[in-house]
Amino acid sequence: MKIVIATSNFTAVSGHAGKTRHWLVYDLTGYHPNETLPAPQRITLEKHQVLHTFADAGPHPLDGVESVLAASAGEGSIR
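Predicted model, so just to flag it, every value in this text is computed and none were measured.

For the rest of this paragraph, the subject is the environment of proline 61. As for its placement among the helices and strands, proline 61 is situated in the loop between strand S4 (41-44) and strand S5 (67-69). Here the alpha-carbon distance between proline 61 and alanine 6, two residues 55 residues apart in the chain, equals 13 Å. Non-local contacts of proline 61, meaning those with residues more than four positions away in its chain, are made with Ile43, Leu45 and Gln49.

It is worth spelling out the side chain of serine 14 at this point. Structurally, serine 14 is set in the loop between strand S2 (12-13) and strand S3 (22-27). The exposure class assigned to serine 14 is buried, which follows from its relative accessible area of 9%. With residues up to four places along the chain from it excluded, the contact list for serine 14 reads Ala6, Thr7, Ser8, Thr20, Ala70, Ala71 and Ser72.

Along the chain, the position of histidine 60 falls in the loop between S4 and S5. The class for histidine 60 is buried, based on a relative accessible area of 9%. From its side chain, histidine 60 meets the backbone oxygen of glutamine 49 in a polar contact 2.6 Å long. When residues no more than four places from it in sequence are discounted, the contact partners of histidine 60 are Leu45, Gln49, Leu51 and Phe54.

We now examine the nonpolar core. Residues Val4, Ala6, Ala17, Trp23, Val25, Ile43, Leu45 and Leu62 constitute the largest nonpolar core, which totals eight residues. Setting aside residues up to four positions removed in sequence, valine 4 forms contacts with Trp23, Leu24, Val25, Leu62, Val65, Ser67, Val68 and Leu69. Formed by five residues, the second largest nonpolar core is a distinct cluster that contains Ile5, Phe10, Leu24 and Leu28.

How each quantity is defined
- Residues numbered from 1 in each chain as written.
- Predicted model: local features only at pLDDT ≥ 70, side-chain atom pairs only at ≥ 80, totals over all residues.
- Heavy atoms only, no water.
- Helix = DSSP H or I, 4+ residues; strand = E, 2+ residues; numbered from the N terminus.
- Contact = heavy atoms within 4.5 Å.
- Buried < 20%, exposed > 50% of the residue type's maximum accessible area, 1.4 Å probe, protein only.
- Polar contact = N/O pair within 3.5 Å; in protein donor to acceptor, adjacent residues only side chain to side chain.
- Core = buried A, V, L, I, M, F, W, Y, C linked by side-chain atoms within 4.5 Å.

Any functional reading would require information beyond the geometric quantities listed.
So this is what it looks like as structure tokens:
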């Protein structure tokens with residue numbers, strides 16, 4: 001399972017998921033309770049990859065994510 005957190009420069013939860021460029025990706029595949037969480041991968045999206053404007057014309061760095069944590073998200077991001 002992959003969980004992502006929308007961040008402001010990797011320091012705080014971002015205010016709007018659709019306009020966020022910085023993401024922390026936690027890949028919990030193979031994780032077991034009581035283990036230390038694996039370190040997150042830092043992803044910085046290019047401007048054309050931001051969810052608010054992404055044209056869905058190919059693969060995306062956040063493909064395969066099952067859960068998103070953000071302070072807010074618009075209707076388009078939720079879909």
